[in-house]
Amino acid sequence: MRMDEEEKKEKKVIPMKRVNIKETTICESTAQMLEKAQRDGVETAFDRAVNMKACPIGADSACCKHCAMGPCRLIAKDPYERVGVCGATIDTIMSRNFARMVASGAAAHIDHGMTMLDVFREVVNGNIKDYTIKDPIKLEEVAKSVGIETDGREIRDIATDLYKELERTYTQVEGEIPFASRVPPKTLETWRKHGVVPRGAMREIMELMHRSHMGVDQHYANITHQCSRTALADGWGGSMVATEISDILYGTPTPVRAEVDMGCLKEDQVNIIIHGHEPNLFESILESVNDPTLVKAAKDAGAEGINLVGMCCSGAEMLSRHGIPHAGNFMSTEAILVTGAVDALGVDVQCIKQGLVKVAECYGTKLFTTNPRAHIEGAEHIEFKEHEPRECTDKIVEMAIVRFRNRKLPVEIPKLTTMGIHGFSHEYINYMLGGTFRASYTPLNDNIINGRIRGVAGVVGCTNPRVKHDWVHVELVKELIKNDVLVLQTGCSQISLAKAGLYKPEAAHLAGAGLREVCETVGMPPVLGVGSCVDNSRILIAAAEMVKVGGLGESIADLPAAGAAPEWMSEKAISIGQYFVASGVYTVFGVTFPIVEETKFHKLLFEGLEELGYGKWGFTADPYEMARLMIEHIDKKRKALGIDKARERVLFDMAARRELEAV
Ligand code: SF4
Ligand code: MSK
């Protein structure tokens, strides 16, 4: 709460430098709320970022606190001039720090996937009744992809076998994880050659933590191998399991029109926001807000109804799957509470700022933690149990209604919303491009080969107060589509572009002539949102499918494709980056990169990995330079494939497709 001047003096509070809002965000709603927060004397992460200069030694990853002989800081003009007390070199220190980021980020996704698998097992065994298998077709497809016989079998039997098979993703100690079967053979061959095919996720994380302990693996290149193996256990393991099981239980996304931005809040309704990463909580609260008893209770309290809105990644997932409105990404989560209109904020795991507690307190919002893994001091905890999910979600709705009835502070909701099309699962992309009877990536590959589409980019990841919020994402993506690069997106990045209007099919006019023609023919926007950050696995599957269809090389590393996380902040992003790189994708990060340039470790990540048959890392904070680097890479791959001189081919248009379907 606001302190008066006397109180501040007494408590020796250092006055906060206030953030320059114009320089901070291009999201008008967030800016409006930051202005209000300043008027109300409320601080957010944007203010804290201005007041807390990032530690330059930490930013370069040039320090180590892995044992009590340190902490050691390797600061010198020449990074090889010094070593830690134990003798650890700069390469050892940086690679061990990097390894721990990969391990932690991968663990977050993998644990999420494990939760999804737990729920799936309990649904299949009949112990959870609130969820069912909503997409049996997807169940069969996934089962077939890991070699399970499906013909003439009961759904329950297939599901039981699938559970057992996917459990190996986590617990297996030797062999290869099940979804290795989806990796293009040449990519898999590279992994096998380097010994990085994941065995089981738990084993890989355990080994990486062991190897990055003081006095164990002290060769940066060897540590990097295990970073790849662990990250691959995330992308092709834990994350992929999370995505596939979520689709099986809650439905595979298909395009849906939906609104984004803070104008989704309704002054005359009970507003409830769900923020986090696991769809289970959100799916149940969707039931709760439609429960006639609770709707009546809301109306009795004077509300027009109950308005459920998503934020961050669970929001992105529900936006894609059900068209639930989405109010904003990671850096808007504090700002939205400043509206005073949020009656309850329910959170589960990952990317939940502790700072939310104070802002919620200032505006009287009820903040509920729900996951046993993630309590926050000062927030009320209502445990979410998948066996009785409504106990928690009904309670959140009831408490939100109470808060609505007792709203005291004036409400100010930014008026902005943008409509767009979301929910492009890889299955739908297949169908959209190929049609009902020949669902296939062939038309995509054809259009890449003939040069209408120059290449494909995955632009993903967080937002970060160290850079202008949303701006880097938006400028990068505009630049890419202008140059005929089709963009696939997940997570917070998807929301940045959705707010900027790039998810409307009409945004095709911002694309280059070739991409525009394809978008207009198919009726799709030039930017395709595929879901939350675990749904990056959909991009991996799309890449594998493009290789399988043919004409674009034999491995993912051959594809004219690149990835970027221009405003990343979390360790999960580092794990995602490493699994894209290990899968063969050139991946450029913005903001900062935890590395000292011109070191051996830097050379390995930014050049050497590509020579070993993987992709490689890139870095620049500038969106235009980032686009240039990605396009340059795409062109390099086109040249290697011999498709740099575009061959004219007839686009497979709707009329031709209809003709084929009629046959
Ligand atoms: Fe220093 Fe080595 Fe200990 Fe790290 S492990 S803190 S570099 S002595
Ligand atoms: S929520 S990991 S800020 S994308 Fe997935 Fe957004 Fe990044 Fe969290």
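Scroll up a little and you will see the structure.
Because the structure is predicted, anything quoted here is derived from the model rather than measured.

Chemist: Explain the overall build of the protein chain here, please?
Modeler: The number of helices and strands found in the protein chain is 26 helices and 15 strands. In summary, the protein chain has a C-alpha radius of gyration of 25 Å against a globular reference of 26 Å for 663 residues, a match within 12%. With respect to the three principal axes, the spread of C-alpha positions in the protein chain is 70 × 70 × 50 Å. Long-range pairs, those at least 24 residues apart, make up 75% of the contacts in the protein chain between residues at least 6 apart in sequence. Here the protein chain has roughly 25,700 Å² of accessible surface; of this, 52% comes from carbon and sulfur atoms.

Chemist: Is there a simple way to think about the site of ligand 2 in this case?
Modeler: The full set of residues close to ligand 2 is His277, Cys312, Cys313, Phe330, Cys351, Gly461, Cys462, Cys492, Cys533, Met569, Ser570 and Lys572. Placement of ligand 2 is best described as lying within the second largest cavity. Composition of the shell around ligand 2 by domain shows at least three residues from each of domain 2 (256–405) and domain 3 (420–662).

Chemist: Can you walk me through the sheet that holds strand S4 (residues 270–275) in this structure?
Modeler: Hydrogen bonds between backbone atoms are what pair the strands of a sheet, whose relative direction is either parallel or antiparallel. Judged by pairing direction, the sheet is parallel, and its five strands sit side by side in the order S5-S4-S6-S7-S8 without closing on themselves. Every other strand in the sheet has two partners, leaving strand S5 (306–311) and strand S8 (380–381) as the edge strands with one partner each. Alignment of strand S7 (residues 366–369) against S8, held across two bridges, turns out to be parallel. Bridge assignment links Phe368 to a residue of S8, and that residue is Glu380. On top of the sheet, helix H14 (residues 312–322) reaches S4 and S5; it is set at about 115 degrees to S5, its chief contact. Across the sheet, helix H16 (residues 389–405) is in contact with S4, S5, strand S6 (344–347), S7 and S8; its angle to S4 comes to roughly 135 degrees.

Chemist: What's the story with the state of the cysteines in this structure? I'm lost.
Modeler: In protein structure, a disulfide is the covalent linkage between the sulfur atoms of two cysteines. Applying the stated criterion to the full structure yields zero disulfides. Counting only cysteine sulfurs, Cys312 is the nearest neighbor of Cys392, a cysteine outside any disulfide, at a range of 18 Å.

Chemist: Quick question: what am I supposed to make of the nonpolar core here?
Modeler: In summary, soluble globular proteins display a tendency toward joint burial of nonpolar side chains. Core analysis: the biggest nonpolar cluster contains 179 residues, and Phe120, Trp236, Ile272, Leu480 and Trp617 have the highest contact counts within it. Tallying contributions element by element places helix H6 (residues 90–124) first for this core, with 17 residues. Contacts of Trp617, omitting those with residues within four sequence positions, involve Phe98, Ile574, Gly577, Gln578, Val581, Tyr586, Thr587, Phe589, Phe593, Leu605, Phe606 and Leu609. Among the nonpolar cores identified, the runner-up in size contains 30 residues, and Ala37, Leu345, Cys362 and Val411 belong to it.

Chemist: Teacher, can you tell me more about the packing of helix H8 (residues 155–171) against helix H10 (residues 201–211) here?
Modeler: A packed helix pair is summarised by two numbers, namely the angle formed by the two axes and the spacing between the axes. Where H8 meets H10, the closest approach of the two axes is 4 Å, and the angle between their N-to-C directions is 5 degrees. Taken together, the axis directions place H8 and H10 in an arrangement best described as roughly parallel. On the side of H8, the interface is formed by Thr169, Tyr170 and Thr171, while H10 contributes Ala201, Met202 and Arg203. Looking at the contact of H8 with H10, its residues break down into three nonpolar, two polar and one charged.

Chemist: Hey, could you run me through the layout of surface pockets in this one?
Modeler: Over the atoms, a rolling probe the size of a water molecule traces out where space has been left empty. Reported here for the largest pocket is a volume of approximately 940 Å³. Those elements that provide at least two residues to the lining of the largest pocket are helix H4 (45–51), helix H5 (56–59) and H6. Tallied by class, residues from the lining of the largest pocket come to 15 nonpolar, six polar and six charged.

Chemist: Help me out: how do you make sense of H8 in this one?
Modeler: Residues that lie three or four places apart on an α-helix share one face, since the helix turns once every 3.6 residues. The end-to-end C-alpha distance of H8, which contains 17 residues, comes to 24 Å, matching closely the 24 Å that a straight helix rising 1.5 Å per residue would cover. The set of residues buried in H8 consists of Ile158, Ala159, Leu162, Tyr163, Glu165, Leu166, Thr169 and Tyr170. Looking at the buried residues of H8, the elements they touch are H6, helix H7 (136–145), H10 and helix H11 (220–250).

Chemist: What should I look at first to understand H16 in this one?
Modeler: Over its 17 residues, H16 runs 25 Å from end to end, which matches the ideal 24 Å to within 8%, given 1.5 Å per residue. Listed in full, the buried residues belonging to H16 are Pro389, Cys392, Thr393, Asp394, Ile396, Val397, Met399, Ala400, Ile401, Arg403 and Phe404.

Chemist: Looking at this model, I keep getting lost on the sheet that holds strand S11 (residues 485–489). Mind explaining?
Modeler: On the basis of which strands lie adjacent, the open sheet formed by six strands has the order S12-S11-S10-S13-S14-S15 and parallel pairing. Whereas interior strands pair on both sides, the edge strands pair on one side only; in this sheet they are strand S12 (527–529) and strand S15 (617–619). Each adjacent strand pair in this sheet contributes to an overall mean axis angle of 25 degrees, direction not counted. Note that strand S10 (residues 455–459) and strand S13 (residues 561–565) share four bridges and pair parallel. By the bridge assignment for S13, Ala457 is matched with Ala562.

Chemist: Can you help me understand a negative patch on the surface in this one?
Modeler: A cluster of acidic residues, Asp130, Glu287, Glu388 and Glu391, forms a negative patch on the protein surface. If you trace the backbone, Glu388 turns up in the loop between S8 and H16.

Chemist: Explain the side chain of Thr463 to me, please; I cannot follow it from the model alone.
Modeler: Among the structural elements, Thr463 can be located in the loop between S10 and helix H19 (471–482). Overall, Thr463 belongs to the buried group, its relative accessible area being 0%. Within the structure, the side chain of Thr463 is placed 3.1 Å from the backbone nitrogen of Met331, a separation counted as a polar contact. When sequence neighbours within four positions are dropped, the list of residues in contact with Thr463 reads Asn329, Phe330, Met331, His469, Asp470, His473, Cys492, Ser496, Glu567 and Met569.

Chemist: I'm lost on unusual backbone geometry in this one. Help?
Modeler: Among all residues except glycine, the phi angle is most often negative; among peptide bonds, the trans geometry is most common. A cis amide bond links Gly70 to the next residue, Pro71, at an omega of 0 degrees. With respect to the helices and strands, Pro71 occurs in the loop between strand S1 (63–64) and strand S2 (72–73). Positive phi outside glycine occurs at Asp261, with the angle close to 100 degrees. Along the chain, Asp261 turns up in the loop between strand S3 (256–260) and S4. With relative accessibility at 5%, the residue Asp261 sits in the buried group. In the Ramachandran plot, Cys312 falls in the positive-phi region, its phi being about 55 degrees despite a non-glycine side chain.

Chemist: What should I look at first to understand the pattern of salt bridges in this one?
Modeler: For side chains bearing opposite charge, pairing can occur when the charged atoms are close. For the structure on display, the rule yields 39 salt bridges. The residue Asp118 makes a salt bridge to Arg121 at a minimum N-O spacing of 3.0 Å. Here Asp118 pairs with Arg121, and both are found in helix H6, just three residues apart, close to one helical turn. Judged by relative accessible area, which is 24%, Arg121 ranks as partly exposed. Put simply, Arg211 and Glu207 hold a salt bridge, and the shortest N to O gap is 2.7 Å. With Arg211 and Glu207 both in helix H10, this residue pair falls four residues apart, about one helical turn. Judged by relative accessible area, which is 14%, Arg211 ranks as buried. When salt bridges with common partners are traced through the structure, they connect Lys138, Arg182, Glu244, Asp247, Glu317, Arg321, Glu427, Asp535 and Arg538 into a single cluster.

Definitions and limits used
Residues numbered from 1 in each chain as written. Chains lettered and ligands numbered in written order. Predicted model: local features only at pLDDT ≥ 70, side-chain atom pairs only at ≥ 80, totals over all residues. Heavy atoms only, no water. Helix = DSSP H or I, 4+ residues; strand = E, 2+ residues; numbered from the N terminus. Rg over C-alpha atoms; globule rule 2.2 N^0.38 Å. Contact = heavy atoms within 4.5 Å. Areas by Shrake-Rupley, 256 points an atom, 1.4 Å probe, with all protein chains shown as cover. Near = heavy atom within 4 Å. 1 Å grid on protein atoms, 1.4 Å probe; cavity = no way out; pocket = protein on both sides within 12 Å on 5 of 7 lines; lining within 4 Å. Sits in = over half its atoms within 2 Å of the grid points. Domains from an automatic or database assignment. Pairing = 2+ DSSP bridges. Axes fitted to C-alpha atoms, helices over the stretch in contact; angles between N-to-C directions. Disulfide = S-S within 2.5 Å. Core = buried A, V, L, I, M, F, W, Y, C linked by side-chain atoms within 4.5 Å. Buried < 20%, exposed > 50% of the residue type's maximum accessible area, 1.4 Å probe, protein only. Parallel < 35°, antiparallel > 145°, perpendicular 65-115°, else oblique. Nonpolar A, V, L, I, M, F, W, Y, C, P; charged D, E, K, R; others polar. Points joined across faces, edges and corners; volume = space filled by probe spheres on them. Expected span 1.5 Å × (residues − 1). Patch = residues over 30% accessible without salt bridge, like charges linked within 9 Å, V, L, I, M, F, W, Y side chains within 5 Å. Salt bridge = Lys/Arg side-chain N within 4 Å of Asp/Glu carboxyl O. Lys, Arg positive; Asp, Glu negative; His and termini not counted. Charge placed at Lys NZ, Arg CZ, Asp CG, Glu CD. Polar contact = N/O pair within 3.5 Å; in protein donor to acceptor, adjacent residues only side chain to side chain.

Keep in mind these values describe shape, not function.
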